[in-house]
Amino acid sequence: MLVVDFGAQYAQLIARRVREAKVYSEIVPHTATVDEMLAKDPAAIILSGGPSSVYAEGAPAVDPKLFDAGVPVMGICYGFQAMAQALGGDVARTGLSEFGGTDVDVCAAGVLLAGTPAHQTAWMSHGDAVQAAPPGFEVLATSAGAPVAAFEDRARRLYGVQWHPEVKHSEHGQTVLEHFLYDGAGLAPDWTPGNVVAEQVEAIRAQIGDARVICALSGGVDSAVAAALVQKAVGDQLTCVHVDHGLMRAGEVEQIERDFVAATGVNLVIRHEKERFLAALAGVTDPEQKRKIIGREFIRVFEDAQRDIVAEAGAHGEEVKFLVQGTLYPDVVESGGGEGAANIKSHHNVGGLPDDLTFSLVEPLRTLFKDEVRAVGRELGVPEEIVSRQPFPGPGLGIRIVGEVTEHNLEILRRADAIAREELTRAGLDGEIWQCPVVLLADVRSVGVQGDGRTYGHPIVLRPVSSEDAMTADWTRLPYDVLSVISTRITNEVREINRVTLDVTSKPPGTIEWE
Ligand code: XMP
């Protein structure tokens, strides 16, 4: 199923909702020609909403050829209007714009609205409206500002709605999408994690053949699931490398070393390089400098590991040709949706890899959204602690210590962080929080009283945030009783901490991490 992106933020959401209906979907830009779209052999097409007016100069139009190809099409919002215009309907400004929850009256259920109530609330965002449906179409619904709010031509399998069914505020949105997919386009809900694994395993085998492949395992979800997929496909041809920079949280290296290996059977090389990283970070407090040092050392260690693997494989007459990368679908879409040889991205979750790598990339998660990656991970038996892990920056705790990164400071932070994570999990809040950095203000001290004595300890900052994509974020309103337990436990159990503070800043202006 193809989603044609008309430039709004909704295309990814549509693609996700379609996948929630267990139908595989991909996004193409509206600048793709009809031939390019049809070359993908789509079973159905959705035209997304967009910011333009169909009458604006340079507004993206739909080539009417698309509707003659025999492929079922559904237009949404702008896509609905562009469809109406291309097929001879009438689109004009009614003078009544509709934004937000809007009452819609159903006049004929048709395929799209079958079984939904005669009056329903749908999420609208439009100034123009379809005044008259194109010839051959039946009008299914109207609203105050949209004389034609939904239509369909069942014979030609063309459908459209003015509202946004992909938005949760549209009461019956998912039902409308499913009616289009299952009843309008005759698709089956068979895109499941099990099928994704089977397809990917086959594709990876075809790509890699009997060559050797390496993977940098950060401990995060993406690289773990990518590695598990490649392991399932080519087994011992894969070697994973984990660079232990000493900046991970409590228990994380052990989780990779023990649980991940037990669950997947991967060959894992761990380079224990804590001393090297700490020596390079000694005396450094500037955040950018810390990031650069960690990135640089990471590359050096990874290159050493890679050299060793290549040399060992070479001794057995084998060639190491491939590198596994955990690139996700949103990255692919945001970088232009290009296919083929991808560049290694600079914001890599293990801190940036060298530009001059001569490997070809294996990117088994290129078509997946994050929640789908988690589902595939579960299907593969990757431990839940890893699959459900929240985002964690490549430079690790190194950028969560305001001040010098020393073994002592790391130990304090690790203990406080472990308590916060444990209590958030116990309170069942992990699903509500995007992530919760715990930050040690090693450069700050304040006076406290613990037991009978005066203390002069460090503050800890809790930074719980809610976010869709980490580009913007709001601080999560955690229940006071949970905050209270975290605060009490940290100050009781971590002697060096005598104050727990809560960061109540959104992003922007604050970033999620403190450094
Ligand atoms: P900021 O602090 O920029 O963080 O609001 C946005 C998201 O990115 C994560 N982050 C990183 N991830 N390498 C990473 O892999 C990094 O250097 C890095 N810095 C920040 C951060 O945890 C948040 O999810």
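The residue numbering used here restarts from 1 in each chain and proceeds along that chain's sequence as written. For this predicted model, a pLDDT threshold of at least 70 governs which residues receive local features, and a threshold of 80 or more governs which side-chain atom pairs are given and counted, while totals over whole chains, interfaces and linings are taken from all residues. Only hydrogens and water are removed before side-chain values are computed, so all heavy atoms of the structure are retained for them.

## Things to note about the UniProt feature "binding site: ATP" (unreviewed entry) in the protein
Working step 1: UniProt positions are given in the numbering used here, feature names are shortened, and annotations may be inferred rather than shown by experiment. On the UniProt side, "binding site: ATP" (unreviewed entry) is annotated at positions that read Ser218, Gly219, Gly220, Val221, Asp222, Ser223 and Ala224 here.
Working step 2: Every residue in contact with glycine 219, bar those within four places of it in the chain, is listed here: Ile256, Ile386 and Arg389.
Working step 3: Looking at where alanine 224 falls in the secondary structure, it is placed in helix H6 (residues 221-234).
Working step 4: Among all residues touching alanine 224, those that are not within four sequence positions of it are Leu217, Phe260 and Ile386. In what follows, residue pairs with any heavy atoms lying within 4.5 Å of each other are defined as contacts. Secondary structure elements are taken from DSSP: a helix is a run of H or I of four residues or more, a strand is a run of E of two residues or more, and numbering for both begins at the N terminus.

## Topic: the packing of aromatic side chains
Working step 1: Pairing of aromatic rings covers Phe, Tyr and Trp, the last through its six-membered ring, and needs centres within 6.5 Å; plane angles under 30 degrees mean stacked, over 60 mean edge-to-face, and all others mean tilted. One pass over the full model with this rule turns up seven aromatic pairs.
Working step 2: Ring plane angle 45° and centroid distance 5.3 Å describe the contact between tyrosine 24 and tryptophan 191, whose orientation is recorded as tilted. Residue tyrosine 24 is located in the loop between helix H1 (10-20) and strand S2 (26-29), and its partner tryptophan 191 is located in the loop between helix H4 (173-184) and helix H5 (193-208); the two are separated by 167 residues in the primary sequence.
Working step 3: Aromatic rings pair up to connect Phe80, Phe137 and Phe151 into one cluster.
Working step 4: Should the NZ of a Lys or the CZ of an Arg lie within 6 Å of a ring centre and within 35 degrees of the ring normal, that charge is described as sitting over the ring. Sitting above the plane of the phenylalanine 392 ring, arginine 249 keeps its charged end 4.0 Å from the centroid.
Working step 5: Against the face of tyrosine 456 rests arginine 454, its NZ or CZ located 5.7 Å from the ring centre.

## What about helix H13 (residues 407-426)?
Working step 1: For H13, which comprises 20 residues, the first-to-last C-alpha distance of 28 Å matches the rise-based estimate of 28 Å (1.5 Å per residue) to within 8%.
Working step 2: Asn409, Leu410, Ile412, Leu413, Arg414, Ala416, Asp417, Ile419, Ala420, Glu423 and Leu424 are the residues of H13 that are buried.
Working step 3: Contacts made by the buried residues of H13 are with helix H8 (274-281), strand S15 (401-402), strand S16 (438-441), strand S18 (453-462), helix H14 (480-493) and strand S21 (497-502).
Working step 4: Looking one or two residues beyond H13, the residue adopting positive phi is glycine 428, at roughly 70°. A helix is expected to span 1.5 Å for every residue after the first. Partly exposed residues are those whose accessible area sits between 20% and 50% of the maximum for their type, while under 20% is buried and over 50% is exposed, using a 1.4 Å probe and protein chains only.

## A short note on the environment of aspartate 68
Working step 1: Looking at where aspartate 68 falls in the secondary structure, it is placed in the loop between strand S3 (45-47) and strand S4 (73-76).
Working step 2: Taking relative accessible area as the criterion, aspartate 68 reaches 61% and is therefore assigned exposed.
Working step 3: Considered as a pair, aspartate 68 and arginine 156 are 88 residues apart in the sequence and their alpha carbons are 8.4 Å apart.

## Section: the sheet that holds strand S13 (residues 320-324)
Sheets are built from strands paired through backbone hydrogen bonds, the pairs being either parallel or antiparallel.
Working step 1: Judged by pairing direction, the sheet is parallel, and its five strands sit side by side in the order S12-S11-S10-S13-S14 without closing on themselves. The sheet terminates laterally at strand S12 (267-272) and strand S14 (360-362), the two strands that pair on one side only. Strand-to-strand twist of the sheet, defined as the mean angle between neighbouring strand axes without regard to direction, takes the value 30°.
Working step 2: In this sheet, S12 lies alongside strand S11 (residues 238-244) in parallel orientation, the contact comprising six bridges. The pairing criterion is simple: DSSP has to find at least two bridges between the two strands. Note on method: axes are straight lines fitted to C-alpha atoms, helices fitted across the in-contact stretch only, with angles between N-to-C directions ranging 0 to 180 degrees.

## With respect to the confidence of the model for the protein
Working step 1: Summarising the model, the protein shows a mean pLDDT of 92, and 95% of its residues fall at 70 or more.
Working step 2: Reported for the predicted complex are a pTM of 0.81 and an ipTM of 0.99. By definition, pLDDT measures how confident the predictor is in each residue, and it falls between 0 and 100.

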